[in-house]
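Analysis of the macromolecular model
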Amino acid sequence: MKIKILVLGLLVFLLSGVHSYSQVALAVSKNENGSSVKYSLKTGATLEEAYTKVQKDLEEQDMKNIFVLKSTENTGHELKSGHYVMIISSRKNGGRFFVSYGLGVSPNSREEAEQRALVHLMEHDWGYDKNMGHAIEKEGMLEDLTPSEEEK
């Protein structure tokens, strides 16, 4: 009987330490000029869950013109672990300030995640040119991205 209790206790201990690695999504709220004015970065057990969470987060902040920035390219949003990098680019567009974001995840390196973020940014900002440059908005390990980190 003591062995069964010991084994059960060991199983509970081991299972409680298992991380539930998440997939990641990015959504933005855009102004009338198409510039991103607010973003939401959330994780979920699935991509669909992450998409739902980013949409809901911006809606709860009373944001309008919300776009979930899904990716059709190899940007790594479906990965459950690895390096993530979120980039931001800003420029003047016809005399107006324009901001856009991109998100990339890589199991290999931070540099590859940044390159994937650039691909993602260009999927949603057709006027972007690599010569315009970008900055790192957030970065880290996807498995370390917790709800408190998402809010920063």
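Our structure's up above, just so we're on the same page.
Summary of the structure given here. (Residues numbered from 1 in each chain as written. Predicted model: local features only at pLDDT ≥ 70, side-chain atom pairs only at ≥ 80, totals over all residues. Heavy atoms only, no water.)

**A look at the environment of Glu 32**
Within the secondary structure, Glu 32 sits in the loop between strand S1 (23-30) and strand S2 (36-44). Under the relative-accessibility criterion, Glu 32 is labelled exposed at 72%. (Helix = DSSP H or I, 4+ residues; strand = E, 2+ residues; numbered from the N terminus. Buried < 20%, exposed > 50% of the residue type's maximum accessible area, 1.4 Å probe, protein only.)

**Re the nonpolar core**
Counting residues in each nonpolar core, the largest one holds 14 residues, and the members touching the most others are Val 24, Leu 26, Tyr 39, Leu 41, Met 86, Tyr 101 and Leu 103. If you list the elements that add at least two residues to this core, you get S1, S2, strand S4 (83-93) and strand S5 (96-106). The leading source of residues in this core is S5, at four residues. Those residues in contact with Leu 26, other than ones at most four positions away along the chain, are Tyr 39, Ser 40, Val 54, Phe 67, Val 68, Leu 69, Met 86, Tyr 101, Gly 102, Leu 103 and His 120. (Core = buried A, V, L, I, M, F, W, Y, C linked by side-chain atoms within 4.5 Å. Contact = heavy atoms within 4.5 Å.)

**Concerning helix H3 (residues 110-124)**
Taking 1.5 Å of rise per residue, 15 residues should cover 21 Å, and H3 covers 21 Å from first to last C-alpha, within 8% of that figure. What H3 keeps buried is the set Ala 113, Glu 114, Arg 116, Ala 117, Leu 118, His 120, Leu 121 and Glu 123. Of the surrounding elements, those touching the buried residues of H3 are S1, S4, S5 and strand S6 (135-141). (Expected span 1.5 Å × (residues − 1).)

**Concerning the sheet that holds S5**
The strand order across the open sheet built from three strands is S5-S4-S6, with neighbouring strands paired in antiparallel fashion. One side of each edge strand has no neighbouring strand; the edge strands of this open sheet are S5 and S6. For this sheet, the mean angle separating the axes of adjacent strands, direction not counted, is 15°. Pairing of S4 with S5 involves eleven bridges; the strand directions are antiparallel. Directly across from Met 86, in S5, lies its bridge partner Leu 103. (Pairing = 2+ DSSP bridges. Axes fitted to C-alpha atoms, helices over the stretch in contact; angles between N-to-C directions.)

**Remarks on empty space enclosed by the protein**
Tallied over the full model, the rule gives one cavity of 30 Å³ or more. As for the largest cavity, its lining consists of Val 28, Lys 30, Gly 34, Ser 36, Leu 69, Phe 98, Val 99, Ser 100, Tyr 101, His 124 and Asp 125. Residue assignment for the lining of the largest cavity shows that the elements contributing at least two residues are S1 and S5. Grouping the amino acids of the lining of the largest cavity by side-chain chemistry returns five nonpolar, four polar and two charged. (1 Å grid on protein atoms, 1.4 Å probe; cavity = no way out; pocket = protein on both sides within 12 Å on 5 of 7 lines; lining within 4 Å. Points joined across faces, edges and corners; volume = space filled by probe spheres on them. Nonpolar A, V, L, I, M, F, W, Y, C, P; charged D, E, K, R; others polar.)

**Comments concerning unusual backbone geometry**
For Asp 62, which is not glycine, the phi dihedral falls at a positive 60°. On the basis of relative accessibility, which here comes to 61%, the residue Asp 62 falls in the exposed class. Positive phi, close to 50°, is recorded for Asn 65, a residue that is not glycine. Position of Asn 65 among the secondary structure elements: in the loop between helix H2 (47-60) and strand S3 (66-68).

**Brief notes about H2**
An ideal rise of 1.5 Å per residue puts 20 Å on 14 residues; H2 measures up with 20 Å between its terminal C-alpha atoms. Elements in contact with the buried residues of H2: S1, S2 and S3. Trailing H2 by a residue or two, Asp 62 shows a phi angle of about 60°, which is positive.

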